[in-house]
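Structural characterization, general
Spelled out from the first residue to the last, the chains are:
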Amino acid sequence: MRIFLSWSGETSRALADVLRQWLPSVIQASRPYFSPDDVTKGTRWSSEIAQELNQSQLGLICLTKDNLVAPWIMFEAGALSKNIGAARVIPLLFAVDPSELIGPMTQFQAAQFAEDEIRRVVLAINAELAESRLAPEVIQDVFAMWWPRLKDRVSTILTAAVEKPQPPTRSEKDILEEVLA
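Because the structure is a prediction, the values reported are computed rather than measured.

Attention now moves to the packing of aromatic side chains. According to the stated counting rule, one finds seven aromatic pairs in the structure shown. Between the aromatic rings of W7 and F34, the centroid separation amounts to 6.2 Å while the plane-to-plane angle is 45°, which identifies the pairing as tilted. Separated by 27 residues along the polypeptide, W7 in the loop between β1 (2-6) and α1 (10-26) and F34 in the loop between β2 (31-33) and α2 (35-38) bring together distant segments of the chain. Judged by centre distance (5.1 Å) and plane angle (35°), the ring pair of F113 and W147 falls under tilted. Of this pair, F113 sits in the loop between β5 (111-112) and α5 (115-127) while W147 is found in helix α6 (residues 136-163), placing the two residues 34 residues apart along the sequence. Judged on exposure class, the residue F113 and its partner W147 are both buried.

Next up, the structure:
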């Protein structure tokens, strides 16, 4: 099963990359699509991504505080959801509260990055696999084995993002004075 991993920004990209590596360990039948690695060199990336969006039945949207309204995130979520009833779009919230979602993202059932929520996401993916799905006790055991690794990697990424120096925010007065000058 192809799973489209949507991201925007440095932190979200790193999180999507971790998911790309982790998902096939938990659900071997999953085939995550991660644009930096899966777009064939020499092709028109926009055409290839559009084709993958059209064919994907499930999308995981990696949302962080800095990309909640990013244009590409919104575009990809809309493209994934166009097949109403058949497609699933799951916003994954990394250090984001569900109440912070705005616009089109509010229509999707989001999952916060927490063990119980990610387990539900994995179970939903497994359920979509029909005859290829893992037995309930197997998926639970596999998830329990691989969850600590995902949690550690995500924690490292989120800690580095918080510790990264942020550019100083200019006051409205400074901006207005610059425009007037």
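Let us look at the sheet that holds β2. Taken in spatial order, the five strands of this open sheet run β2-β1-β3-β4-β5, and their pairing is parallel. Looking at strand neighbours, the two that pair on one side only are β2 and β5, the edges of this open sheet. Across four bridges, β1 lies against strand β3 (residues 58-63) in parallel orientation. Each residue of the ladder has a partner; that of S6, found in β3, is I61. Relative to the sheet, α1 contacts β1, β2, β3 and β4 (88-93), its axis offset from that of β1 by approximately 160°.

Cut-offs and rules
Residues numbered from 1 in each chain as written. Predicted model: local features only at pLDDT ≥ 70, side-chain atom pairs only at ≥ 80, totals over all residues. Heavy atoms only, no water. Phe/Tyr/Trp six-rings, centres within 6.5 Å; stacked < 30°, edge-to-face > 60°. Helix = DSSP H or I, 4+ residues; strand = E, 2+ residues; numbered from the N terminus. Buried < 20%, exposed > 50% of the residue type's maximum accessible area, 1.4 Å probe, protein only. Pairing = 2+ DSSP bridges. Contact = heavy atoms within 4.5 Å. Axes fitted to C-alpha atoms, helices over the stretch in contact; angles between N-to-C directions.

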